[in-house]
Amino acid sequence: MPELRRDMVRDKWVVIATDRALKPNDFPINKQGMQNAEFNGFCPFCEGNESFTPDEIAACRQNGSQANLPGWQVRTIPNKFSAFQLEGVLEKEHAGIYSSYNGLGKHEVVVETPEHGIDLHQYSPERIEMIINMLKSRYNELSKDERIKYIHMYKNSGLFAGASLGHSHSQIVGLPLVPDENGGIARHFDQTGHCLLCDIIEQELKDQQRVIYETDNYLLICPYASRFSYETWIVPKKHTTYFGEINDKQISELAVILKQFISAMLACLHDPSYNMVIVSAPVNVNNPTGAYHWYIEISP
């Protein structure tokens, strides 16, 4: 049974998929391509292979095509190998000094295109808008379940970023607790009464040392304390708590930014793998909305 176990040294929660441990013959992991995940060139995410995935949760479809059949443009499905199940209630257990929770939650995959071998920066802005709208829709739907406290949305592109399939996709995880990765946001609000991201925007616009690009609605910056080389943040200039609140104009602008920036990053850094994470406020918890401000992290 999958569990959320507390790492007492780092004071973080770790997902342990107890029934899916790597076997000795799974090593060494193939670092030259995706052969281990895509068997004999077969990809379950390609159009026409819908029967090899769980039934779709939502899809953008053309001409009234039927669910779980060809004719889709963007498709959301349950993660077939999810460590989470949205069943029952969150239960905590103790084993001596250790503590764990049952694997309550939801894990979804957004298949971004029917076509194999193309990635986000190669899409049209209209398709990227479609993907952002799908992410927004799933975010808002998952947030309706009171058992979910945090919605983690991310994209791994390339083998070294953790992508297990070469077909371009994003992932959404609904967690039953709030990770403390971004605890500094709440602490800053408690100490100053200000939104940390709004203060960062003000500082960066004043300094003009780490600003990459600015639009009407967004600021692209290199964070002051980057954890990775060339890490970049896309921050809405207007204070917005939840990613699910993004409006149509912001979606259109974000689609163009993602296409242009990721294209430039891949060209300049010789086509690296990268991770993209949407950081947003916790849901279904009693937190001051002024503390949180959603943004996107991109790390090659």
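Analysis parameters
- For every chain, the first residue of the written sequence is number 1, and numbering continues from 1 onward in sequence order.
- Side-chain atom pairs in this predicted model are given and counted only at pLDDT of 80 or more, local residue features only at pLDDT of at least 70, and totals for whole chains, interfaces and linings cover all residues.
- Based on all heavy atoms of the structure, the side-chain values leave hydrogens and waters out of the count.
- Definitions used throughout: a 1 Å grid over protein atoms alone; a cavity as a set of points that fits a 1.4 Å probe which cannot get out; a pocket as an open set with protein on both sides within 12 Å along at least five of seven lines; a lining residue as one with an atom within 4 Å of a point.
- Grid points are joined across faces, edges and corners, and a volume is the space filled by probe spheres set on the points.
- Think of it this way: any DSSP run of H or I at least four residues long counts as a helix, any run of E at least two long counts as a strand, and we number them from the N terminus.
- Any residue outside Ala, Val, Leu, Ile, Met, Phe, Trp, Tyr, Cys, Pro, Asp, Glu, Lys and Arg is labelled polar, Gly included; the first ten of those are nonpolar and the last four are charged.
- Here, expected helix span is obtained from the residue count minus one, scaled by 1.5 Å.
- The rule is simple: take the accessible area with a 1.4 Å probe, protein chains only, and divide by the maximum for that residue type; under 20% is buried, over 50% is exposed, in between is partly exposed.
- Here, residues are in contact when the closest pair of their heavy atoms is within 4.5 Å.
- We call two N or O atoms a polar contact when they sit within 3.5 Å, provided that within protein one can donate a hydrogen and the other can accept it, with sequence-adjacent residues counted only if both atoms are side-chain atoms.
- Only Phe, Tyr and Trp rings take part, Trp by its six-membered ring, and two of them pair if their centres are within 6.5 Å. Stacked means planes under 30 degrees apart, edge-to-face means over 60, and tilted covers everything else.

Draft legend 1. Main features of empty space enclosed by the protein. Applying the stated rule across the entire model yields three cavities of 30 Å³ or more. Quantified by volume, the largest cavity comes out at close to 90 Å³. Taken together, 13 residues line the largest cavity, and the ones lying closest to its centre are Ile132, Leu135, Leu258, Met276 and Ile278. At the level of secondary structure, the elements contributing two or more residues to the lining of the largest cavity comprise helix 1 (125-142), helix 4 (248-268) and strand 13 (274-279). Here the lining of the largest cavity takes four residues from helix 1, the largest share from any one element. Among the residues forming the lining of the largest cavity, the class breakdown is eleven nonpolar, one polar and one charged. Approximately 50 Å³ is the volume found for the second largest cavity. Along its surface, the second largest cavity is lined by Leu135, Met153, Tyr154, Lys155, Ser170, Gln171, Met276, Val277 and Ile278. Contributions of two or more residues to the lining of the second largest cavity are made by strand 8 (150-157), strand 9 (169-175) and strand 13.

Draft legend 2. Focus on helix 4. Its 21 residues give helix 4 an end-to-end C-alpha distance of 30 Å, which sits within 8% of 30 Å, the value for a rise of 1.5 Å per residue. All buried positions along helix 4 are accounted for by Gln250, Ile251, Glu253, Leu254, Ala255, Ile257, Leu258, Phe261, Ile262, Met265 and Leu266. If you follow the buried residues of helix 4, they end up packed against helix 1, strand 10 (211-214), strand 11 (218-221), strand 12 (232-236), strand 13 and strand 14 (295-299). The N-capping residue of helix 4, defined by a side-chain oxygen 3.2 Å from the backbone nitrogen of Lys249, is Asn247. His270, located one to two residues past helix 4, shows a positive phi value of around 60 degrees.

Draft legend 3. Geometry of the layout of surface pockets. Counted as a void, the second largest pocket has a volume near 290 Å³. Of the residues contributing to the lining of the second largest pocket, the split by class is seven nonpolar, eleven polar and three charged.

Draft legend 4. Main features of the packing of aromatic side chains. Applying the stated criterion to the full structure yields six aromatic pairs. Three or more aromatic residues link up through ring pairs in this structure, and these residues are Tyr139, Tyr218, Phe243 and Trp294.

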